[in-house]
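Listed here are the chains, written in short residue letters.
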Amino acid sequence: MSVINDEAGTVDPTVEPSRDGLMDVIWEQQRFHEHRRWSAVEFLGAVDTRSLGENDRTYVWNFGRAELTTKPGADRLARLSDSECRKWVGKDDVLASVLQACGTWSRYWNEEEAHHESVLTHLSRMLSCEPIRDDVVIRYREIFGDDDMLRTLFLLAISEINATVFYTSMASKVKDEGLRARALVDSGKYSPRSVLAVAHLFVRPGGELYGSARDRVEDRRHINWWDHLEFKGAERPDDHDRQRKLIFAFVEDVTSIAVNSAEEVEDRWLEMVG
Amino acid sequence: MSDSVSTITVDLEALRRLVALKIAEAVALAPEAIFPPDLTLTGILSASERLHNSVDLMEALAKAVNAARRELGVKLRLQAFTMDTPISRVVESFIAQARAAASGE
């Protein structure tokens, strides 16, 4: 049904467009994105920098730097979603559409993350924290190597969970990616094993969850922000119990497999590896 | 006492052989290309055409863990290793777990 009035050539607000297909999903993404829009400039204008202590300065500096890695995350998602989409066109057109919606979502995610990054990095400058040099920005922007789509989505989602636990004021970020990861599992074309593998990577003893608090941190080409937090004298704002619980709940959301401990994640994953 | 020790020793050698074989199969390399040079995990990832990243490698090690449970009844946990870890240390961690389990630790 057309929303354009043929005679006048104007939009008739009483006519609802059809609710199917990619264009409808993309419209919902746009609506959601507009609904949560906020201004980094206004936000910073309202911050009283005199009320921030030394620990706050350390947190702001660390998480501003960490947010630099979300752009390569979203860029990778855009590229990988489109190549995966093309793989399924003509074989599983619903899945191809889901993947295209996922790739489209990356543009909204990128913009939202730009707000987080800008607020924290600019606040860090307002507080005269250690400058983030150009070579650091360039290093942190390096795009990760490609991997299985479901592993990639789940890893990005866990990264968001970790960030959310670190600063709960941005808690609305968590839900965004999970919906799409579930669709990939439901399609039957992507194994839930990928979800369990990435969950294991994080929650196992000495896993990614423990980030820079580990004795040894992996020397990687790209930057995993959680490996590079430097709290110096400030208390680490970790809450591993909460992070684990959120990851377990997320595993169940996406795969319908209930897990309640790191050992259970490992056991379910090993069963799937075979 | 000595009998039980010798039984464990035999089991551990069987475990060592089985784990090495299964790792080699999972990464699609000959055991001689991995174990005598004692490749690091990065070295195995570079040499293997089947593996693309460290999660693939983690799954290859998981196959060895599963084989140990299925064929020898030994339950192992897959610990976190950095990529510069030599493969001998990974195998030794499995042996140490099996030894600890056998001695009731």
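Report follows, based on the coordinates.

So, how was this worked out
- Residues numbered from 1 in each chain as written.
- Chains lettered and ligands numbered in written order.
- Predicted model: local features only at pLDDT ≥ 70, side-chain atom pairs only at ≥ 80, totals over all residues.
- Helix = DSSP H or I, 4+ residues; strand = E, 2+ residues; numbered from the N terminus.
- Contact = placed C-beta atoms within 7 Å.
- Buried ≥ 20, exposed ≤ 12 C-beta atoms within 10 Å, placed from the backbone.
- Axes fitted to C-alpha atoms, helices over the stretch in contact; angles between N-to-C directions.
- Parallel < 35°, antiparallel > 145°, perpendicular 65-115°, else oblique.
- Nonpolar A, V, L, I, M, F, W, Y, C, P; charged D, E, K, R; others polar.
- Expected span 1.5 Å × (residues − 1).
- Core = buried A, V, L, I, M, F, W, Y, C linked by C-beta atoms within 7 Å.

Comments concerning the overall build of chain A
So, point 1. Helix and strand counts for chain A come out as 11 helices and two strands.
So, point 2. Going residue by residue from the N terminus, the α and β elements of chain A occur as β-β-α-α-α-α-α-α-α-α-α-α-α.
So, point 3. If you take every contact in chain A between residues at least 6 apart in sequence, the share linking residues at least 24 apart comes to 74%.

Thoughts on the overall build of chain B
So, point 1. In terms of helices and strands, chain B carries five helices and zero strands.
So, point 2. Scanning chain B from its N terminus toward the C terminus, one meets helices and strands in the order α-α-α-α-α.
So, point 3. When burial is assessed residue by residue, chain B has 30% of its 105 residues classed as buried.
So, point 4. Look at the contacts in chain B between residues 6 or more apart in sequence, and 59% of them connect residues 24 or more apart.

Digging into the packing of helix 9 (residues 193-203) of chain A against helix 10 (residues 240-255) of chain A
Helix packing geometry: the angle between the two helix axes and the distance between the axes.
Residue and element names in this part refer to chain A.
So, point 1. Here helix 9 crosses helix 10 at 175°, and the two axes come no closer than 11 Å. When the axes of helix 9 and helix 10 are compared, the pair comes out roughly antiparallel. Seen from helix 9, the contacting residues are Val195, Leu196, Ala199, Phe202 and Val203; seen from helix 10, they are Arg244, Ile247, Val251, Val254 and Thr255.
So, point 2. A class-by-class count of the residues in the contact of helix 9 with helix 10 yields eight nonpolar, one polar and one charged.

Some details on helix 1 (residues 22-35) of chain A
So, point 1. Here helix 1 of chain A contains 14 residues, and its C-alpha end-to-end distance of 20 Å stays within 8% of the 20 Å for a straight helix at 1.5 Å per residue.
So, point 2. For helix 1 of chain A, the buried fraction is low: zero of the 14 residues fall into the buried class.

Some remarks on the nonpolar core
All names here are of chain A.
So, point 1. The biggest cluster of nonpolar side chains holds 72 residues, and the ones touching the most others in it are Phe154 and Val251.
So, point 2. A per-element tally of this core places helix 7 (residues 149-166) first, with 10 residues.
So, point 3. With near-sequence residues (within four places) excluded, Val251 lies in contact with Val195, Leu196, Ala199, Ile257, Val259 and Val265.
So, point 4. Counting residues in each nonpolar core, the second largest holds 11 residues, with Tyr59, Trp61, Phe63 and Leu120 among its members.

Focus: the interface of chain A and chain B
So, point 1. At the interface, 16 residues of chain A touch 14 residues of chain B.
So, point 2. Secondary-structure elements contributing two or more residues to the side of chain A that touches chain B are helix 9 and helix 11 (262-273) of chain A.
So, point 3. Its residues assigned to classes, the side of chain A that touches chain B shows six nonpolar, four polar and six charged.

Re the environment of Ser124 of chain A
Residue and element names in this part refer to chain A.
So, point 1. Residue placement: Ser124 occurs in helix 5 (residues 93-126).
So, point 2. Overall, the presence of 21 C-beta atoms within 10 Å leaves Ser124 in the buried class.
So, point 3. Along the sequence, Ser124 and His222 sit 98 residues apart, while their C-alpha atoms lie 23 Å from each other.
So, point 4. Those residues within four positions of Ser124 in sequence are excluded, and the remaining contacts are Val60, Trp61, Gly64 and Cys129.

With respect to the environment of Phe94 of chain B
All names here are of chain B.
So, point 1. One can find Phe94 in helix 5 (residues 87-102).
So, point 2. In this structure the C-alpha to C-alpha distance between Phe94 and Arg16, which are 78 residues apart in sequence, comes to 8.3 Å.
So, point 3. Ignoring sequence-local partners within four residues, the contact set of Phe94 consists of Leu15, Val19, Ala68 and Leu76.

Regarding unusual backbone geometry
So, point 1. Located in the positive-phi region is Ser256 of chain A, a residue other than glycine, with phi close to 65°.
So, point 2. Mapped onto the fold, Ser256 of chain A is located in the loop between helix 10 and helix 11.
So, point 3. C-beta crowding within 10 Å serves as the criterion here: with 11 such atoms nearby, Ser256 of chain A is assigned to the exposed category.
So, point 4. Positive phi, normally seen in glycine, also occurs at Asp38 of chain B, with a value near 50°.

What to know about the packing of helix 4 (residues 70-88) of chain A against helix 5 of chain A
All names here are of chain A.
So, point 1. Viewed as axis vectors pointing N to C, helix 4 and helix 5 meet at an angle of 170°, and their least axial separation amounts to 8 Å. Between helix 4 and helix 5, the interaxial angle falls into the category roughly antiparallel. Here helix 4 contributes Thr70, Lys71, Ala74, Leu77, Ala78, Ser81, Asp82, Glu84, Cys85 and Trp88 to the contact with helix 5, which in turn contributes Leu95, Ala96, Leu99, Gln100, Cys102, Gly103, Ser106, Trp109, Asn110, Glu113 and Glu117.
So, point 2. Across the contact of helix 4 with helix 5, the residue classes tally to 10 nonpolar, six polar and five charged.

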